[in-house]
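Each chain, written out:
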Amino acid sequence: MSERDHVIVGTAGHIDHGKSSLVKALTGTDPDTLPEEKERGLTIELGFVFMDIPEYEKQIVFIDVPGHEKFVRTMVAGASSIDVVMFIIAADEGISVQTREHFDILRLLGVKQGIIALTKSDLADAGRLDRLEGEVRAFVQGTFLEGAPVIPVSSVTRTGLSEIRAALMEAGRRVGRRENCGYFRLPVDRVFVMHGFGTVVAGTVLSGAVKTGDRIEILPERIETKVRGVQVHKEKRDASGLGKRTAINLHDIDKALLRRGQCAVTPGLVAPATRIDARLHLLREAPKELKTRDRVRFHIGTDEAIARVVLLEKDKLFPGESILAQFVLESPTAAFYKDRFIIRTFSPLNTIGGGYVLDIAPPRHKRFDAAALAGIRRFEGGLDESVEQFLMKTPDKSRTAVEASYAFWTGISAVQEAIRTLIEGGRIKAIPAEKEMRYVAAGIWPGLLQKMTDAVKKYFASNPHRAFMPLAELQSSMSGAADEPMFRTAIEELAAAGAIVRKEGGLVLPGFEARLESKDQEIADRVEAIFRRAGFEPPLEEDVVRELRLPLNQFRKVLGTLFQQGKLVRLDPKVIYHRAYFEKAKASVLDYLQKKRSITIAEAKDILRVTRKYACAVLEYLDKTQVTKRNGDVHVQK
Ligand SMILES: Nc1nc2c(ncn2[C@@H]2O[C@H](COP(=O)(O)OP(=O)(O)OP(=O)(O)O)[C@@H](O)[C@H]2O)c(=O)[nH]1
Ligand SMILES: [Mg+2]
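Described in the following lines is the structure provided in the data block. Worth saying up front: this structure is predicted, and the values here are computed from it rather than measured. (Residues numbered from 1 in each chain as written. Chains lettered and ligands numbered in written order. Predicted model: local features only at pLDDT ≥ 70, side-chain atom pairs only at ≥ 80, totals over all residues. Heavy atoms only, no water.)

**Considerations on the site of ligand 1**
Rules: Working definition: residue near molecule or strand if any one of its non-hydrogen atoms lies within 4 Å of it. Two N or O atoms form a polar contact when they lie within 3.5 Å of each other; inside protein one atom must be a possible hydrogen donor and the other a possible acceptor, and for residues adjacent in sequence the pair counts only when both atoms belong to side chains. All accessibility values rest on the Shrake-Rupley procedure with a 1.4 Å probe; residue burial counts only the protein chains present in the view. Throughout this entry, Asp, Glu, Lys and Arg are counted as charged residues, while Ala, Val, Leu, Ile, Met, Phe, Trp, Tyr, Cys and Pro are counted as nonpolar. The remaining residues, Gly among them, count as polar.
Neighbouring ligand 1 are 19 residues, the closest being K19, S21, T43, D122 and S155. At a separation of 2.7 Å, an oxygen atom of ligand 1 approaches a polar side-chain atom of K19. Within the side chain of T43, an N or O atom sits 2.7 Å from an oxygen atom of ligand 1. When the free accessible area of ligand 1 is taken as 640 Å², the share hidden by the protein chains comes to 79%. Grouping the amino acids of the shell around ligand 1 by side-chain chemistry returns five nonpolar, 10 polar and four charged.

In structure tokens:
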């Protein structure tokens, strides 16, 4: 049966206007279940009631909210995920304080469908009902409720109930499908322990799906746990999905760790937010202006946090105005891109504005900073622009399509589409990496290449005797301006463009030759000459040092340069050959191998006319450099 889509219908309206009574009259079930609610005759907690209409293709679920001014936070949590509002105005009292406040909240939350019930119609005559209908129509003019049915109803006499039912069904049909990125998300609006079922969190599935055995994460605390069971409409299910009121039984978790306001999500995809960049609108009806650094209550999803609002474009925000702002939260919360939020003041407790989330992980901004503002504005644009800005935000890091899809809580295929457009437009750049393609903003690239070229030039300017710059040295001199894949791609591009030349072990500038200071160069020439003269039986290092009467560090420096330049070759710790003689030795060995297929140390000794020490060193070095390989006592060509 209940594989039907849910239509979540929220009540809203002033205290005592008959919200709960109407839900009860429609469904036969009282949404108020707490003894205290029954006793005081008012709603304190959210009430959840399913309405079964066999002939209807959807399943209506009511979320009944309290009207009391002290419980507006509960109302906001309840209203945060509704599809349709059943907006309640008592015929005898008419539009009242929380009628207005709840209506502001519904508009700020972006609710799109609704019906208007003029309750307690038994207490008003036809003239009064007519006048009220006119007032109500004027009240909702220009809003999502303009044109909504206005239906007089009485929970006492039951007149109008069937019209309400029909109107709800009709509104439910007009509800569009929620956007679905595929990742699971359920803002928790209830926590309870169910006999024989364990600890349960419940809410509306805003995206993705959940099934028994899934791992989920509870934000903002980042508690990871497992789904033991799923219930929809009080029935045990294997799974539940998009738009459904769902209860999830969690494995091995203390109820004390759970609360309304948390969010159950697929693990590891998003971090809780402590700063949020947003578009903020101050209601025209707000009693006074909002100043930067003011403390407000920030309601998002089913959660509430205290936040300071940093107005980024002005010092004061006046009623009716909108602005880019950063909320600095006093406790972390689960926030998602484009989520709606509400702000309220402390005393008096007033709903004064709201808006939508643009960045859940922004840096601290300087106020009035044009570049920062332009960046945030890009998040208000389409997905293309947002993805571009996502990459621009971290110029020193390449990001993947998957990361962008988490950041915008948007399906991967839409992100990939945006990426294609951006690549075609030359606005972003693909960086090949091992596992998957990565991306950077195109704008940062020329600067990075320049920075790298400059670093190489600077290196050789201060180290002219070095034959090459090791890659690791270049990478560390970039001081984090590029991650590994960016660095590798940049090197390849610079080499392809001829700006640098790759060399074993590092890179050089084109046409570059290691230079030693003339004093060192003179010594280098003498060292080289000694090894050249010595031929196949060169001296030990210490003999050369002694012969030239050199300080050891100076000798080491020139020797290092001679190795880097390739003029000398170290065969083993004790044997250094001049390049020319090493090449001759290698040619002789290869020549011998041509004829005899293999060579022993004794044979090498003979052809090179050297002692065993040198023959060994030559053959082992040829093995090490993969020219030959050892096969028992003989060496053969590789
Ligand atoms: N005469 C009459 N009284 C009604 C009707 N509906 C509700 N009432 C009465 O109005 C009072 C408030 O009704 P509730 O349904 O609790 O009002 P509510 O809007 O849920 O109140 P809160 O949840 O506290 O905001 C109760 O005493 C009801 O008996 C109606 O259609 N006619
Ligand atoms: Mg009630």
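What follows picks up the thread again.
**Structural notes on the pairing of strand β24 (residues 428–431)**
Formally: Being paired, for any two strands, means DSSP has found at least two bridges between them. We count a stretch as a helix when DSSP gives it H or I for four or more residues in a row; a strand needs E for two or more, and each element gets its number in order from the N terminus.
Both β24 and strand β25 (residues 438–441) contribute to a ladder of four bridges, which runs antiparallel. Across the sheet, residue I428 finds its bridge partner in β25, namely A441. Counted between consecutive antiparallel strands, the loop separating β24 from β25 contains six residues.

**As for the pattern of salt bridges**
The condition is simple: When a carboxyl oxygen of Asp or Glu is within 4 Å of a side-chain nitrogen of Lys or Arg, the pair counts as a salt bridge. Throughout this description, buried means an accessible area under 20% of the type-specific maximum (1.4 Å probe, protein chains only), exposed means over 50%, and partly exposed covers the range between.
Under the defined criterion, the tally for this structure stands at 40 salt bridges. A salt bridge links E101 to R344; its shortest N-O distance comes to 3.1 Å. Of the two residues, E101 is situated in helix α4 (residues 97–109) and R344 in strand β22 (residues 340–344); the sequence distance between them amounts to 243 residues. Given the relative accessible area of 8%, E101 is considered buried. Beyond isolated ion pairs, a larger network of salt bridges with shared partners links E57, E170, R173 and R174.

**Thoughts on the sheet that holds strand β28 (residues 506–508)**
Sheet architecture is open: three strands sit in the order β26-β28-β27, paired in antiparallel fashion. In this open sheet, the two edge strands, each paired with only one partner strand, are β26 (469–470) and β27 (501–503). Sheet topology note: the β26/β28 ladder contains two bridges and is antiparallel. Each bridged residue has a counterpart across the sheet, and for M469 the counterpart in β28 is L507.

**Things to note about the sheet that holds strand β33 (residues 634–637)**
Let me state the cut-off plainly: Every residue pair with non-hydrogen atoms within 4.5 Å of one another is taken to be in contact. Note on method: axes are straight lines fitted to C-alpha atoms, helices fitted across the in-contact stretch only, with angles between N-to-C directions ranging 0 to 180 degrees.
One open sheet accounts for three strands, arranged β31-β33-β32; its pairing is antiparallel. Looking at strand neighbours, the two that pair on one side only are β31 (598–599) and β32 (628–631), the edges of this open sheet. As paired elements, β31 and β33 share two bridges and run antiparallel to each other. Along β33, the bridge assignment pairs S598 with V636. Its contacts with the sheet put helix α19 (residues 612–624) on β31, β32 and β33, and the angle it makes with β32 is roughly 110°.

**Describing helix α10 (residues 412–424)**
Going by this rule: Expected helix span is given by 1.5 Å per residue-to-residue step, counting one fewer step than there are residues. Note that the arc is computed from the directions linking the helix axis to the C-beta atoms.
Taking 1.5 Å of rise per residue, 13 residues should cover 18 Å, and α10 covers 18 Å from first to last C-alpha, within 8% of that figure. Turning to α10, its buried residues number three or more, namely V415, A418, I419 and L422. Taken down its axis, α10 places every buried residue within 100° of arc, on the same side. Exposed and oriented more than 90 degrees from the buried face of α10 are S413 and E424. Tucked inside the fold, the buried residues of α10 contact α8 (383–393), α9 (401–407), β24 and β25.

Remember that the coordinates give geometry; whether it matters functionally is a separate question.
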